Amino acid sequence: IPRGEISPHRALSDTIVTAAIFVELMKQATWAQMLEWSSQPALLTRFGFGKHRGAKFADVPEDYLRWIIDKSDLDAGVKFSSRHELERRRTKVPA
């Protein structure tokens, strides 16, 4: 199908785009990696709540991230993302 004939939010067009993305993903990762990723909680990039609502995890103070991990009852995605951010800082990987 010519690119100009792909219409957003039409079933066939969405299927074609999803398949194209999946083909590119398969060039970058193995089935085992994709299964591992899909079993993990979502990796969030911004806070959607509270004092830091809208802030990137990279911009939130370390003590708050540690509180989330150790003492909060927040969901698995927020805790997973907080652990990921602390590990990123520890290994000095750019945000």
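Residues numbered from 1 in each chain as written. Predicted model: local features only at pLDDT ≥ 70, side-chain atom pairs only at ≥ 80, totals over all residues. Heavy atoms only, no water.

1. Details of the nonpolar core
Part 1 of the reasoning: If you look at the biggest cluster of nonpolar residues, it comprises eight residues: F47, F57, V60, L65, I68, I69, V78 and L86.
Part 2 of the reasoning: Of all the elements in the fold, those that place two or more residues in this core are α3 (62–71) and α4 (76–90).
Part 3 of the reasoning: Ranked by residue count, the leading element in this core is α3, at three residues.
Part 4 of the reasoning: Beyond its immediate sequence surroundings of up to four residues, L65 is in contact with F47, F57, V60, S82, E85, L86 and R89. (Core = buried A, V, L, I, M, F, W, Y, C linked by side-chain atoms within 4.5 Å. Buried < 20%, exposed > 50% of the residue type's maximum accessible area, 1.4 Å probe, protein only. Helix = DSSP H or I, 4+ residues; strand = E, 2+ residues; numbered from the N terminus. Contact = heavy atoms within 4.5 Å.)

2. With respect to the environment of A76
Part 1 of the reasoning: If you trace the backbone, A76 turns up in helix α4.
Part 2 of the reasoning: Remark: the alpha-carbon pair of A76 and V17, spanning 59 residues in sequence, is separated by 30 Å.

3. Describing the packing of helix α1 (residues 11–28) against helix α2 (residues 31–39)
Part 1 of the reasoning: Between α1 and α2, the shortest axis-to-axis distance is 8 Å and the interhelical angle comes to 110°. The angle between the axes of α1 and α2 places the two elements in the roughly perpendicular class. Of the residues in α2, those in contact with F22, L25, M26 and Q28 of α1 are W31, Q33, M34 and W37. (Axes fitted to C-alpha atoms, helices over the stretch in contact; angles between N-to-C directions. Parallel < 35°, antiparallel > 145°, perpendicular 65-115°, else oblique.)

4. Considering α4
Part 1 of the reasoning: With 15 residues, α4 should reach 21 Å at 1.5 Å per residue; the first-to-last C-alpha distance of 21 Å fits that figure.
Part 2 of the reasoning: Taken residue by residue, α4 has G77, V78, K79, F80, S81, S82, E85, L86 and R88 as its buried positions.
Part 3 of the reasoning: Packing partners of the buried residues in α4 comprise α3.
Part 4 of the reasoning: Backbone nitrogen of G77 and a side-chain oxygen of the N-cap are separated by 2.9 Å at the start of α4; the cap is D75.
Part 5 of the reasoning: A positive backbone phi angle near 60° is found at K92, which sits one or two residues after α4. (Expected span 1.5 Å × (residues − 1). Polar contact = N/O pair within 3.5 Å; in protein donor to acceptor, adjacent residues only side chain to side chain.)

5. Notes on the side chain of S81
Part 1 of the reasoning: Secondary-structure assignment places S81 in helix α4.
Part 2 of the reasoning: A distance of 2.7 Å separates the side chain of S81 from the backbone nitrogen of L44, its partner in a polar contact.

6. What to know about the packing of aromatic side chains
Part 1 of the reasoning: For the coordinates displayed, the defined rule picks out five aromatic pairs.
Part 2 of the reasoning: Judged by centre distance (5.2 Å) and plane angle (70°), the ring pair of F47 and F49 falls under edge-to-face.
Part 3 of the reasoning: Centre to centre, the rings of F47 and F57 are 4.2 Å apart; their planes meet at 20°, and the pair counts as stacked. With a gap of ten residues between them, F47 in the loop between α2 and α3 and F57 in the loop between α2 and α3 connect regions that are remote in the sequence. The exposure classification of F47 matches that of F57, with both residues buried.
Part 4 of the reasoning: By way of ring pairs, the aromatic residues F47, F49, F57, Y64 and W67 are connected into one cluster. (Phe/Tyr/Trp six-rings, centres within 6.5 Å; stacked < 30°, edge-to-face > 60°.)

7. What to know about the side chain of S72
Part 1 of the reasoning: Mapping S72 onto the fold places it in the loop between α3 and α4.
Part 2 of the reasoning: A relative accessible area of 8% places S72 in the buried class.
Part 3 of the reasoning: Within the structure, the side chain of S72 is placed 2.6 Å from the backbone oxygen of I68, a separation counted as a polar contact.
Part 4 of the reasoning: Polar contacts involving the side chain of S72 include one to the main-chain amide nitrogen of L74, which spans 3.3 Å.

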